[in-house]
Structures are given as C-alpha cells and as structure tokens.
Number of protein chains: 2
Amino acid sequence: MAVTIKDIAQLANVSIATVSRVLNNSKPVRPELRDKVMRVVEETGFQPNAIARSLVNKETRIIGVMIPDISNNFYSNLLYGVDSVISEYDYSMFLAISDETVEKELKYLRLFKEKQIDGVILASIHFLEGNIHSLHEMQVPMVVTGHDLHGYQIPTVNVNNVQASYDATAYLISQGHRRIACVSGPLWDPPCGLDRMGGYRKAMRAHGLPIPEGFVAEGDFTPKSGYEAVKRIFEEKERPTAIFVATDLMAVGVLNYLHDEGIRVPDDVSVMGFDNLEIASLTRPMLSTVHNDPYMYGRAAGEQLLKQLRNEPIERMSTVPHDLVIRQSVKAVL
Amino acid sequence: MAVTIKDIAQLANVSIATVSRVLNNSKPVRPELRDKVMRVVEETGFQPNAIARSLVNKETRIIGVMIPDISNNFYSNLLYGVDSVISEYDYSMFLAISDETVEKELKYLRLFKEKQIDGVILASIHFLEGNIHSLHEMQVPMVVTGHDLHGYQIPTVNVNNVQASYDATAYLISQGHRRIACVSGPLWDPPCGLDRMGGYRKAMRAHGLPIPEGFVAEGDFTPKSGYEAVKRIFEEKERPTAIFVATDLMAVGVLNYLHDEGIRVPDDVSVMGFDNLEIASLTRPMLSTVHNDPYMYGRAAGEQLLKQLRNEPIERMSTVPHDLVIRQSVKAVL
DNA sequence: GTGAAAGCGCTAACAC
DNA sequence: GTGTTAGCGCTTTCAC
C-alpha cells in the first residue's frame, strides 16, 4: 500500500490539510511544522497521488497527441517538438497512434475526453469532412496540424505547401529546366497531394511552361511508390530533365529507380525533394529539397496549445516557415 | 460543465448505482431501466470520467514508456510495437522522452508513480548502476529492454547482441574475408558497444583471425561518426576487405565515406550492418545487415508487461530472435 | 496558522 | 434488482 497524505499527517501529528499546504505551498505554515512534515515525507518516500489531485483540480497536466503513424520519421520528430515545449511546462504526453484509421481516431478522441486530458494536438487526421462536429463537441483546447481547416474556429499549424512547392519548382526553372515532371503525394492527403501538386502547377503556369500528359504521377508516401511513379513517367515518350517529388521518402525511390536504370543524377536528370528528412543528406547524390521541419511543427503546435491553456490570445492559423536546401541532386542546364 | 453519472441518474429517474451498473455491465439491471439509462446517455453524450474511476479502481489502464530519443527510428518503431499489443487490451501509452539525461529519467520515473501508471517499459535507460534501487522501490510492473540487468529480478527483453554480431562476422568470414574491421557503438552503451564488438572479437578469435591495431574504431550512433570512424581505419597502413558496423545508421556513414573516396562497395570492400533499419534497403548498394526488429522488441516488451498485469508467470529474460539479411554490400572473395 | 469537514465523480458493499 | 452510503486521496472552504 502506498503512503498517503493521511499517513504523513498522522506521523507528523498534523492535519491532512496542513500536509497538503506544505506540499503545494498554497498557504503559509509555521516553519517547524513544515519541517516536520517534510522530514516525514522524505522518510516515507511519499509521492502524491496525481489521480486524486486531478479529480479535485480538474487538471491532469497531460496533453493528448494523435498521429497516424509513428514509424514515420516525420511524425516522430513532430512528437519530439511537441514534447520539447510541453515538458518544459510540466505537461506530459499521452500518445495516440491512429494507424490511419478513422475508427481509431474517433476512439482516441473519446478516450482523450474520458481521461480528462487538458489539451489535444491532432496531426494529419483523416476523419475530418463529416466528423468535424466531433471536434467542436470536444470542448477541449486543441490544435490541428497537417490540415487547413479553413472556416472552422480551430487553430491550425502548417507550412504553406502551395508556396513551398511553387518555390521548389521555380528553383528548378531558374536552373534552366523546362520539362519538369512531378511525383505528387496521394490525393486523399490534401497537403501533400493537392497542395504540393498545386504549387508545382502554379509555378509551371506562371512561367508559361506546359505540363505534358504523363508528367504527373501520384505516389502514396512510400519509397516504393516513388519508384513506381517515376517509372510510369519515364515510360512515356517524352522525358523530363527534372522531377519535383512531393516527399523525400518518395524521392529516395525516384533516385533508386534512376540508379537502377543507369540514369545519372543530376547529370541526366535533376531531382528535387520535399521535407528535408534526415535521409535527404544520406543519399548519394545528396538530395536538394524543401526544408519542412516536423520538429518545428511540433513546437509551434505545442506553443499554440499552451497559449490556449493559459487563455492567451492565439492565431487561428500559424504558418511555419520553409526554405530550400540546395545539395547535389539538381544541376543547371543551358 | 461535463455531464456526470449523477445527472444521468436524475434524468433517468434511477440511482447512480444503477447507472454505474449498466455502464459497466457489472450487475444485472432490468431491461427497461437499462434502456432508459442508455437513451439518456446517448442524448447527453455522456462520457465517464476515467480519473474518478481510476481513483476507486486503482487502475489507470495507462502504461508508461520511457525512451531516450524519439527522433531515432529504432525507438519510434519500438513504440509502435508496444502500442500494437497494449492498445489491443485497451491500455494506452504515456510517453516519456528522457533525452538521454539521467535527470529526466529519474523525473519521469517519479511521474509514472504519481500518475498511477499501471506498468512501465524502460528502453535503454542510462541511470542504472547506482540507481537500480529506484526501480525496485517502484513496486510497479515493469520490463526493461536494451540492458541485460543480470542479477536483478526485473524482466528484460533483448536480442543476443553478442551472438548476432558473432553471426554477422562469421558470415563475412564464410565469404572468404580475413581482414575484417569493426566500427562499434559507443562503449557507454553496453549492448551496441561492448556486446556487439565482443561478438565480432569472439568470431575472429574462433576462426583464428588476427585483429590488427587500428581495425576497431568507435562511433556514437550517428552516420557522421561512422564516416569518421571508418576514415580512421582506412588511414592506417593495412586495409580491411570487409567491415562490420555495429549499427546501420553508422553503416550509412561508412558507405558514404567509401563512396566519397571512390572505394567501391562491395567490389573493393564489403560492409555488414546491424539493425536492418528501413534505410538499409534504401542505400545503393543495399546494405546486408542483421535483422533486429525494434517493433518486435516493443511487442515482446508489451506482452511481458501485460502478462505481469494479469499475474501470469513471465520469463525473467526473453530473447528476441535475430537473423541475417543478405543484400548487396557483401561480396565473396577467394 | 491550523483542523474539521465537504466534495471532486465514481464503484462496491450493504441493505432492502 | 435497486437504492443508500461509504470511501478512493486529495484540495479547499470555513470555523476557530
């Protein structure tokens, strides 16, 4: 049986109220009593029961974080960012892994409420469109990242995917490329699918460049899907001189296809990635890409959430900055 | 204000005990009452308060997982393994990231107790040797992974690092290599440092092969440290024909050094990794390595913990199997 | 400054 | 089968 405040009170010959007061510094206590209590606390190795405390305080100091897939480096670094800010304020993390299923997302949302979590961070959730009401019903401070959620009063944290992809494509164009293909993310993931492809299209249009049929292929985040996508592109009659790939992971697949086909990067074709995962600097040639730091997403999301918890004003929509990382996989052409 | 059992009871004209009974199916309730209660529950969107429940049940259905570094793919996959087994039994995860500091480890250990966590999984903790008593004091079901902890009554989950490294080295020898170097993990991490290097040494000795001065270099897990370590080895007079690298991440650094120096793999030198991270199949050439699945670690640890929670008998020390994954980075020599 | 007592939301005897 | 009640470990009025 664990030691309780009651035990401490008896051993120290004071009331449990007094013990509580010295433990929380909530009210002045006569020094001698305070010392006596502290001594007993030391001796017994007493640890307050946070559950009981939460029941009365209505605060758990736990925040729930939901991510679709933890084996994905992007999300684990996002977690790292969240943790780095919340742990500083003595909040801890309840981790919910949804495995990309709406069912689990909804289950964890319910669990968050039941466990009386103080706040929630939702990354790249699927169940939106049709279940947003679940979010509003929550009545729990919350921030979502990886979705735009325009028109809802829920704070979001995101990069400007359209602009970043535009910048990446424009860079390719500035290096003299004109026939530029695109391996996009899956269309069911708006940020990596629609938005990033949108930025690419926008840049091409703005520079008066055509997008031939077969120059755009869709992947599903895995390296393998990048491999397959670029294969489809290269089996067309017309070949690009550069490829913009919507995620680094798929870009690795693209690099591998090119390698396996004996097509040299960047001499024969240039490749531009997106995300700047650790792996981008580990490939040979090293991948030029868009820096999109999940750690910063996490920090930003954590900060927005903490602000809510302190009732400070927050932006409904914060944008985390991006920039281009130029390495070896893009070459200028004449 | 959230809806409580008391509210439900009033609205349904029953006692709170009855509501509790239908919610938990803990005792038979007359169907009409049960229906009435359920209807009110639906209408109000009632969610039970898990905190209050935990206070009386003395069970939180939360298990604490402590890892040193979540940006490391190894640990995030371990988490995935843990989650995959515990979530099936309706346990959820409280995540503690220690950032490799003993201070935070101890802090989270305390927090685990305060939050009345039901069980604890500790991965690659640092504070052992001098603080093991903290673990015993815990009086909480627990399993540790990434440490051997011989002589203590704490269940562990591990690969046999010595044997696995032995096997990897023996494989290199079976391919005709005789001059084999080793890039080991840091010595402060016994499993990846001492044990893996130990397996290498043992295999060399068993086959009567010498280990020349300068054939062993220590890295610290990062690709960069692998790069530097193998550089030191290759700057010696005598060159190896094969290298056993204690972790894949460092092996990527090794591969990159070799690439940058124009030394071909596997034609000029063979490289054998350890871990079988995703990246091992993404490098060119693809890395031959030891399969050491953190996901399985996680699953095994989770299973051992669940057994304890059910008071089932457990093994004090469970070994997760390893095997060799042969890809392209090793070549047979005559 | 200190203690007695109420109550947080729930479960589990215990009576009926 | 159902309701009443004690109590989980804590914080916080409210008296003194």
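Residues numbered from 1 in each chain as written. Chains lettered and ligands numbered in written order. Predicted model: local features only at pLDDT ≥ 70, side-chain atom pairs only at ≥ 80, totals over all residues. Heavy atoms only, no water.

Asks: What is the right way to look at the interface of chain A and chain B in this model?
Replies: You'll often see interface size given as the accessible area lost when the parts meet. Between chain A and chain B, the contact holds 47 residues from the first and 47 residues from the second. Taking both partners together, chain A and chain B bury about 4300 Å²; carbon and sulfur atoms supply 58% of that area. Summed over the three residues of chain A that lose the most area to chain B, namely Ile51(A), Leu282(A) and Arg284(A), the buried surface amounts to 15% of that side. Joining chain A to chain B, the criterion identifies 14 residue pairs in polar contact (both at pLDDT 80 or more). Looking at the side of chain A that touches chain B, the elements with two or more residues in it are α4 (50–57), α5 (73–86), β2 (92–97), α6 (102–114) and α11 (248–260) of chain A. Sorting elements by how many residues they give to the side of chain A that touches chain B places α6(A) first, with 7 residues. Split into classes, the residues belonging to the side of chain A that touches chain B amount to 20 nonpolar, 13 polar and 14 charged. As paired elements, β2(A) and strand β2 (residues 92–97) of chain B share 3 bridges and run antiparallel to each other. Across the sheet, the residue bridging to Leu95(A) is Met93(B), located in β2(B). (Contact = heavy atoms within 4.5 Å. Buried area = accessible area lost by both parts, 1.4 Å probe. Polar contact = N/O pair within 3.5 Å; in protein donor to acceptor, adjacent residues only side chain to side chain. Helix = DSSP H or I, 4+ residues; strand = E, 2+ residues; numbered from the N terminus. Nonpolar A, V, L, I, M, F, W, Y, C, P; charged D, E, K, R; others polar. Pairing = 2+ DSSP bridges.)

Asks: I tried to follow the protein's contact with DNA strand C on my own but got confused; where do I start?
Replies: Among the 28 residues in the neighbourhood of DNA strand C, the closest are listed as Thr18(A), Arg21(A), Arg30(A), Ile5(B) and Ser20(B). Sugar and phosphate atoms constitute 69% of the interface atoms of DNA strand C, taking the interface as everything within 4 Å of the protein. Between Ser20(B) and DNA strand C, the recorded distance is 2.7 Å, taken from a side-chain N or O atom to a phosphate oxygen. Broken down by secondary-structure element, the contributors of at least two residues to the surface near DNA strand C are α2 (16–24) and α4 of chain A together with α2 (16–24) and α4 (50–57) of chain B. Ranked by residues supplied to the surface near DNA strand C, first place goes to α2(B) with 5 residues. Taken together, the residues of the surface near DNA strand C sort by class into 15 nonpolar, 7 polar and 6 charged. (Near = heavy atom within 4 Å.)

Asks: Quick question: what am I supposed to make of the nonpolar core here?
Replies: Burial of nonpolar side chains together is a common tendency in soluble globular proteins. Leu79(A), Leu95(A), Leu79(B) and Leu95(B) are the most contacted members of the largest nonpolar core, which totals 52 residues. Here Leu79(A) is in contact with Val65(A), Ile67(A), Ile70(A), Met93(A), Leu95(A), Ile70(B) and Leu95(B), once residues within four sequence places are set aside. The next biggest cluster of nonpolar side chains, apart from the first, holds 44 residues, and it includes Ala96(A), Phe127(A), Leu149(A) and Leu122(B). (Core = buried A, V, L, I, M, F, W, Y, C linked by side-chain atoms within 4.5 Å. Buried < 20%, exposed > 50% of the residue type's maximum accessible area, 1.4 Å probe, protein only.)

Asks: For this particular structure, what's the right way to read the pattern of salt bridges?
Replies: Any two side chains of opposite charge can pair, given that their charged atoms come close. Enumeration according to the criterion identifies 24 salt bridges over all chains in this entry. Between Arg299(A) and Glu303(A) there is a salt bridge, with the nearest N and O atoms lying 3.7 Å from each other. Residue Arg299(A) and its partner Glu303(A) are both found in helix α12 (residues 294–309); the two are separated by 4 residues, about one turn of the helix. The partly exposed category is assigned to Arg299(A), whose relative accessible area is 22%. A salt bridge links Glu312(B) to Arg310(B), with the shortest nitrogen-to-oxygen separation between them at 3.1 Å. Residue classification places Arg310(B) among the partly exposed residues on the basis of a relative accessible area of 39%. (Salt bridge = Lys/Arg side-chain N within 4 Å of Asp/Glu carboxyl O.)

Asks: Before we go on, may I ask you to explain the relation of the copies chain A and chain B in this structure?
Replies: The operation relating the two chain copies consists of a rotation about an axis and a shift along that axis. Expressed as a screw operation, the relation of chain A to chain B combines 0.0 Å of axial shift with a rotation of 180°, fitting to an RMSD of 0.2 Å. Look at the turn and shift together and you get a two-fold axis relating the two. Ranked by how close their C-alpha atoms come to the rotation axis, the residues of chain A are headed by Phe94(A), at 2.3 Å. A shared interface surface links the copies, since 100% of the contact residues of chain A are contact residues in chain B too. (Least-squares fit on C-alpha atoms with pLDDT ≥ 70 in both.)

Asks: Help me out: how do you make sense of the packing of aromatic side chains in this one?
Replies: For any pair of aromatic rings, geometry is given as the distance between the ring centres together with the angle between the planes. This model, assessed by the stated rule, comprises 16 aromatic pairs over all chains. When the ring of Phe74(A) is compared with that of Tyr75(A), the centres are 5.5 Å apart and the planes differ by 80°; the resulting orientation is edge-to-face. For the pair shown, Phe74(A) and Tyr75(A) are each scored as buried. Ring geometry for Phe94(B) versus Phe112(B): centroids 5.7 Å apart, planes at 75°, classification edge-to-face. Here the residue Phe94(B) occupies a position in strand β2, and Phe112(B) occupies one in helix α6 (residues 102–114), the gap between them amounting to 18 residues. No difference in accessibility class separates Phe94(B) from Phe112(B), as the two residues are buried. By way of ring pairs, the aromatic residues Phe74(A), Tyr75(A) and Tyr297(A) are connected into one cluster. Directly above the ring of Tyr89(A) sits Arg310(A), whose terminal nitrogen or CZ lies 5.0 Å from the centroid. Stacked on the ring of Phe274(B), the Lys or Arg Arg196(B) has its end atom at 3.7 Å from the ring centre. (Phe/Tyr/Trp six-rings, centres within 6.5 Å; stacked < 30°, edge-to-face > 60°. Lys NZ or Arg CZ within 6 Å of the ring centre and 35° of its normal.)

Asks: How do you make sense of the packing of helix α10 (residues 223–234) of chain B against helix α11 (residues 248–260) of chain B when you look at a structure like this?
Replies: Residues and elements named next belong to chain B. It is the contact of α10 with α11, at a shortest axis distance of 6 Å, that shows an interaxial angle of 50°. The orientation of α10 relative to α11 falls into the category oblique. As α10 packs across α11, the resulting crossing turns out to be right-handed. Contact with α10, carried on its side by Pro 223, Ser 225, Gly 226, Tyr 227, Val 230, Lys 231 and Phe 234, involves Leu 249, Met 250, Gly 253, Val 254, Asn 256, Tyr 257, Leu 258 and Asp 260 of α11 and no other residues of that element. Residues that form the contact of α10 with α11 fall into these classes: 9 nonpolar, 4 polar and 2 charged. (Axes fitted to C-alpha atoms, helices over the stretch in contact; angles between N-to-C directions. Parallel < 35°, antiparallel > 145°, perpendicular 65-115°, else oblique. Left-handed = near helix turned anticlockwise from the far one by under 90°.)

Asks: Is there a simple way to think about the sheet that holds strand β8 (residues 242–245) of chain A in this case?
Replies: Think of a sheet as strands paired side by side through backbone hydrogen bonds, with each pair either parallel or antiparallel. Residues and elements named next belong to chain A. Strand order in the open sheet formed by 4 strands is β7-β6-β8-β9, with parallel pairing between adjacent strands. At either margin of the open sheet sits one strand with a lone partner, and together these are β7 (216–218) and β9 (270–272). Neighbour-to-neighbour, the strand axes of this sheet turn through a mean angle of 20°, independent of strand direction. Where strand β6 (residues 180–184) meets β8, 4 bridges bridge the pair, whose relative direction is parallel. The residue of β8 that forms the bridge with Val 183 is Val 245. Strands in contact with helix α8 (residues 161–174) are β6, β8 and β9; relative to β8, the strand with the most contacts, it is inclined by about 170°.

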